[in-house]
Amino acid sequence: MGALTSPRVPRRSVLLSGTGGLLLAGVAGCRPATTAPDDQAATTTGASAAPEPAPVMSALHVHSSFSEGAGSMHAQLEQAAALGVQALWWTDHDWRMNARGYLDRLSPGDLAGDRVAWEVDGSAAGPGGSHAVVQEASGRAGSTSPVLQLEARAEGRRRVEHRLQARSERSLYSTSLHGQRWTLAVHLEERVDRAFLAVDLLTSWRPALQQRSPGPYRLSYRFSDHREGIQVVDHVAEVYIRVPVGAWQEVVIDPARDLTVAWPEIDGRDASCTQLSVAALAWGSGAVRGAVGDMEIARTHVEGQEPAATQRDVMTAYAAQFPDVRQMQGVELSVTTPHICWYGSRIRLPDEDDGDPTTLVPEIRSTGGVAVYAHPFGVAGGTLPRADQESLVAARAADLVDTGAHGCTALEVGYRQRGGADLESHERLWDECSRRGLFLTGVGVSDNHSGMNWATQTNNFVTWLWSVTAEQDDLLAALLRGQAFFGDPTLFTGRLDIRCGDDCRMGQVAVAGKGSTRVRLVATDLPPQSRLELVRVDMDDSGRGSATETAVADQFVPEDLGAGEVEVDVSTGTDCFVRTRVRQASGEVVALSNPVWLLQRPRDYTVPSARLPGTTAEDRERPWW
């Protein structure tokens with residue numbers, strides 16, 4: 001374990017006070033929170049040592065082609081492997097996997113539709129192209145929707161393209177294409193030479209494949225009266241479909257199958273339609289005029305647990321390609337707010353009558369899973385003024401404390417910017433919960449949907465879980481106990497931990513000494529010119545104080561840490577918790593530990609069983625809220 005077993009442990013010969021001041025003091029002991037007398041607790045001495053845990057770099061809260069973003073599972077795994085991630089949890093939106101509330105009909109003729117609007121693509125709207133809405137039957141029985149007429153005339157130009165893109169605020173057609181059949185109504189009115197009507201589906205982003213650069217893959221369905229077949233050029237598959245001139249024609253397409261036909265190395269199940277467009281295309285002397293009517297989407301394999309089963313099959317298919325990234329399936333319960341991520345081996349997609357996400361927390365816990373309260377300030381971009389952020393913190397903290405975080409075990413803290421709040425506000429929210437006796441594991445996540453830029457995106461935090469293996473049960477146990485630290489893996493590559501006595505570790509509760517308590521801070525491989533800050537916060541279940549009073553009790557430069565450890569004496573005249581964070585010379589916080597709670601009488605608090613040193617696997621099941 002390197003520094004963790006080093007006999008050289010420097011110690012600050014000072015007492016850290018609740019106000020951040022320094023007082024001379026003697027050394028006080030520390031006992032884990034337990035009801036057993038000291039002589040009984042000592043009976044375990046001499047027992048065979050358990051395997052020593054090590055940090056497992058984990059990417060929590062990752063989305064894929066089964067949600068609405070651009071990223072495929074393949075792209076996400078490539079990013080994870082490049083960053084050195086050892087464990088990855090898929091947490092796609094439950095309702096999106098089931099396509100609940102999704103569109104099953106799209107009408108290009110309804111340009112300003114309530115749920116989908118169609119807008120001209122400015123990059124593809126030069127001279128020679130036009131569109132119009134026409135009130136005519138599309139040839140489909142019972143259809144009265146207007147249709148979109150498109151025209152392109154090259155007239156000697158190299159290329160003319162007139163394209164309209166679908167805009168759906170919630171991307172209500174984006175999920176796995178597996179089992180989808182699209183029925184398109186097309187009327188080719190006129191076509192001369194090199195010209196086509198087209199319906200294009202842009203599909204998920206993928207890493208570099210077969211000398212092709214990273215990027216999305218486009219299926220371009222092109223309608224002509226003289227050509228059929230498929231032609232693949234780099235990231236585009238031109239699928240030519242023969243239709244007659246002068247009559248409406250219904251055409252059924254299978255995008256997932258067509259992806260695999262065009263690029264056999266692609267798994268068509270791991271793809272969604274991220275962008276939809278219709279176009280008229282012409283080259284040279286070509287000309288085309290025609291109309292596109294309603295598009296109907298029939299989805300199979302979206303009922304019940306089928307989408308989750310399909311995703312597990314895709315996970316298995318990728319496992320050999322990414323042997324160093326252990327994949328696990330979770331789900332983001334997100335039909336209403338708050339969103340809750342369910343991690344565990346017995347996850348399921350909820351039924352429509354299951355209610356809001358919070359109603360499933362007892363089931364998550366009773367089946368050995370972990371419920372994580374996701375993006376507590378919401379998902380909006382930008383950062384609000386500090387005063388507004390403080391109001392957000394106060395309101396959200398009151399809700400979390402009043403509801404006991406709805407029984408969640410952990411809280412997403414590690415966001416540099418989310419929901420109008422910066423990392424400092426996320427820390428303050430967490431501290432307010434911790435000081436009010438709400439024992440939540442803090443985690444850092446990316447919530448990545450794109451499959452790109454894991455290392456450089458603003459929210460690029462990962463969570464390191466102290467675990468004896470990378471098996472899911474051991475990782476979940478670390479989450480339950482709070483034995484985790486989180487941060488930016490491109491700026492911090494060390495380890496963080498807090499020890500108190502022989503048994504108490506980070507995330508747990510210890511019986512504090514009457515005047516002071518010695519703790520051991522572990523912090524290895526600090527970046528040059530950075531410092532380790534020790535944060536101490538008094539407990540206060542009255543709610544009269546504020547977490548904005550968080551005090552930096554002491555700080556250490558890399559030279560203070562010797563072999564990566566330092567011992568300090570913390571004032572425990574009042575109940576408190578302590579945690580650490582790594583701050584660069586620029587002022588940016590790049591890594592944070594979970595707390596250790598130092599309490600005179602732990603029985604005065606509702607302490608989760610997993611927070612007590614020495615808990616067993618059976619203790620994990622014991623409800624505490």
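Before any of the text, the structure's been laid out above.
An account of the accompanying structure is given in this report. (Residues numbered from 1 in each chain as written. Predicted model: local features only at pLDDT ≥ 70, side-chain atom pairs only at ≥ 80, totals over all residues. Heavy atoms only, no water.)

## Section: the overall build of the chain
Okay, so step 1: Across its full length, the chain holds nine helices and 38 strands.
Okay, so step 2: Counting all 625 residues of the chain, 58% fall into the buried class.
Okay, so step 3: Taking the contacts inside the chain whose residues are at least 6 apart along the sequence as the reference set, 77% of them involve residues at least 24 apart.
Okay, so step 4: For the chain, the exposed area adds up to about 24,100 Å²; of that, 48% sits on carbon and sulfur atoms. (Helix = DSSP H or I, 4+ residues; strand = E, 2+ residues; numbered from the N terminus. Buried < 20%, exposed > 50% of the residue type's maximum accessible area, 1.4 Å probe, protein only. Contact = heavy atoms within 4.5 Å. Areas by Shrake-Rupley, 256 points an atom, 1.4 Å probe, with all protein chains shown as cover.)

## Details of the side chain of Arg505
Okay, so step 1: Looking at where Arg505 falls in the secondary structure, it is placed in strand S30 (residues 504–505).
Okay, so step 2: On the basis of relative accessibility, which here comes to 11%, the residue Arg505 falls in the buried class.
Okay, so step 3: Beyond its immediate stretch of four places on either side in the chain, Arg505 contacts Glu52, Pro53, Trp466, Gln483, Asp497, Ile498, Arg499 and Val596.

## As for the sheet that holds strand S22 (residues 370–373)
Strand-to-strand pairing in sheets goes through backbone hydrogen bonds, with the strands running parallel or antiparallel.
Okay, so step 1: Taken in spatial order, the five strands line up as S20-S21-S22-S23-S26 in an open sheet, and their pairing is mixed. Of all the strands in the sheet, just strand S20 (331–333) and strand S26 (441–444) have a single pairing partner and so form its edges. Each strand of the sheet is rotated relative to its neighbour by a mean of 35 degrees, with strand direction disregarded.
Okay, so step 2: Alignment of strand S21 (residues 340–343) against S22, held across four bridges, turns out to be antiparallel. Bridge pairing in S22 places Trp342 opposite Ala371.
Okay, so step 3: Together, S21, S22 and S26 form the strand contacts of helix H9 (residues 472–481), whose direction differs from that of S26 by roughly 120 degrees. (Pairing = 2+ DSSP bridges. Axes fitted to C-alpha atoms, helices over the stretch in contact; angles between N-to-C directions.)

## Let's talk about the nonpolar core
Okay, so step 1: Core analysis: the biggest nonpolar cluster contains 79 residues, and Leu88, Phe492, Leu521, Leu532 and Leu598 have the highest contact counts within it.
Okay, so step 2: Among residues more than four places away in sequence, those in contact with Leu598 are Cys500, Ala510, Ala512, Thr517, Val519, Val570, Thr572, Asp575, Cys576, Phe577 and Val578.
Okay, so step 3: Of all hydrophobic cores here, the second largest spans 52 residues; its members include Ala99, Leu106, Trp118 and Val186. (Core = buried A, V, L, I, M, F, W, Y, C linked by side-chain atoms within 4.5 Å.)

## Description of the pattern of salt bridges
Okay, so step 1: For the structure on display, the rule yields 48 salt bridges.
Okay, so step 2: For Arg518, the salt bridge identified is with Asp569, shortest N-O distance 3.6 Å. With Arg518 in strand S32 (residues 516–523) and Asp569 in strand S35 (residues 565–571), the pair connects residues that are 51 residues apart, well separated along the chain.
Okay, so step 3: Judged by its relative accessible area of 0%, Asp569 falls in the buried class.
Okay, so step 4: Several salt bridges converge on common partners, so that one network encompasses Glu427, Asp431, Arg531, Glu533, Arg579, Arg581 and Arg583. (Salt bridge = Lys/Arg side-chain N within 4 Å of Asp/Glu carboxyl O.)

## Comments concerning the environment of Ser345
Okay, so step 1: Of note, Ser345 is situated in the loop between S21 and helix H6 (361–366).
Okay, so step 2: With 19 residues separating them in the primary sequence, Ser345 and Ile364 have C-alpha atoms 10.0 Å apart.

## A short note on helix H5 (residues 306–319)
Okay, so step 1: The terminal C-alpha atoms of H5 lie 20 Å apart, and with 14 residues this matches the ideal 20 Å at 1.5 Å per residue to within 8%.
Okay, so step 2: What H5 keeps buried is the set Pro307, Ala308, Thr310, Gln311, Val314, Met315 and Tyr318. Buried residues of H5 fall within an arc of 160 degrees about the axis and therefore sit on the same side. (Expected span 1.5 Å × (residues − 1). Arc of directions from axis to C-beta.)

## Thoughts on helix H4 (residues 255–262)
Okay, so step 1: Those residues of H4 not exposed but buried are Pro255, Ala256, Asp258, Leu259 and Ala262. One side of H4 carries all its buried residues, which in axial view fall inside an arc of 165 degrees.
Okay, so step 2: Check the buried side of H4 and you find it contacts strand S11 (180–192), strand S12 (195–206), strand S13 (215–224), strand S14 (229–233), strand S15 (236–242) and strand S16 (248–253).

## Considerations on the packing of aromatic side chains
Okay, so step 1: One pass over the structure, following the stated rule, counts 12 aromatic pairs.
Okay, so step 2: Seen from their ring centres, Tyr217 and Trp263 are 4.8 Å apart, and the 85 degrees between their planes marks the pair as edge-to-face. Residue Tyr217 is located in strand S13, and its partner Trp263 is located in the loop between H4 and strand S17 (273–282); the two are separated by 46 residues in the primary sequence.
Okay, so step 3: Relative to Phe492, the ring of Trp464 has its centre 6.3 Å away and its plane inclined at 85 degrees; by these criteria the two rings are edge-to-face. Of this pair, Trp464 sits in strand S27 (residues 462–467) while Phe492 is found in the loop between strand S28 (484–487) and strand S29 (496–500), placing the two residues 28 residues apart along the sequence. For the residue pair Trp464 and Phe492, the accessibility class agrees, reading buried in each case.
Okay, so step 4: Chaining the aromatic ring pairs together yields one cluster made of Trp464, Trp466, Phe485 and Phe492.
Okay, so step 5: The ring of Tyr240 has Arg227 sitting right over it, with the charged end atom 3.8 Å from the ring centre. (Phe/Tyr/Trp six-rings, centres within 6.5 Å; stacked < 30°, edge-to-face > 60°. Lys NZ or Arg CZ within 6 Å of the ring centre and 35° of its normal.)

## Remarks on the packing of helix H7 (residues 386–403) against helix H8 (residues 423–435)
Okay, so step 1: The geometry of H7 relative to H8 is characterised by a closest axis approach of 9 Å and an angle of 30 degrees between their N-to-C directions. One way to sum up the angle between H7 and H8 is to call them roughly parallel. Regarding H7 and H8, the two cross each other, and that crossing is right-handed. Residues Arg386, Gln389, Glu390, Val393, Arg396, Ala397 and Leu400 of H7 form the contact with H8, whose own contacting residues are Glu424, Ser425, Arg428, Leu429, Glu432 and Cys433.
Okay, so step 2: Of the residues in the contact of H7 with H8, the class split is five nonpolar, two polar and six charged. (Parallel < 35°, antiparallel > 145°, perpendicular 65-115°, else oblique. Left-handed = near helix turned anticlockwise from the far one by under 90°. Nonpolar A, V, L, I, M, F, W, Y, C, P; charged D, E, K, R; others polar.)

## Quick look at the pairing of strand S9 (residues 147–153)
Okay, so step 1: Judged by how many residues are buried, S9 sits mostly within the fold: five of seven residues are covered.
Okay, so step 2: In the sheet, strand S8 (residues 129–134) pairs with S9 via six bridges, with the strands oriented antiparallel. When the bridges of S9 are listed, Gly129 appears paired with Ala152.
Okay, so step 3: Bridge analysis of S9 against strand S18 (residues 287–299) gives six bridges, and the strand direction is antiparallel. Each bridged residue has a counterpart across the sheet, and for Gln149 the counterpart in S18 is Ala291.

## Details of the packing of helix H2 (residues 73–83) against H5
Okay, so step 1: Orientation of H2 relative to H5, taken along the N-to-C sense of each, is 45 degrees, at an axis distance of 11 Å. On the basis of the axis angle, H2 is oblique to H5. Viewed along their axes, H2 and H5 form a crossing whose handedness is right-handed. Contacts between H2 and H5 involve Met73, His74 and Leu77 from the first element and Gln311, Val314, Met315 and Tyr318 from the second.
Okay, so step 2: When grouped by side-chain class, the residues that make up the contact of H2 with H5 number five nonpolar, two polar and no charged.

This is a description of form; function is not addressed.
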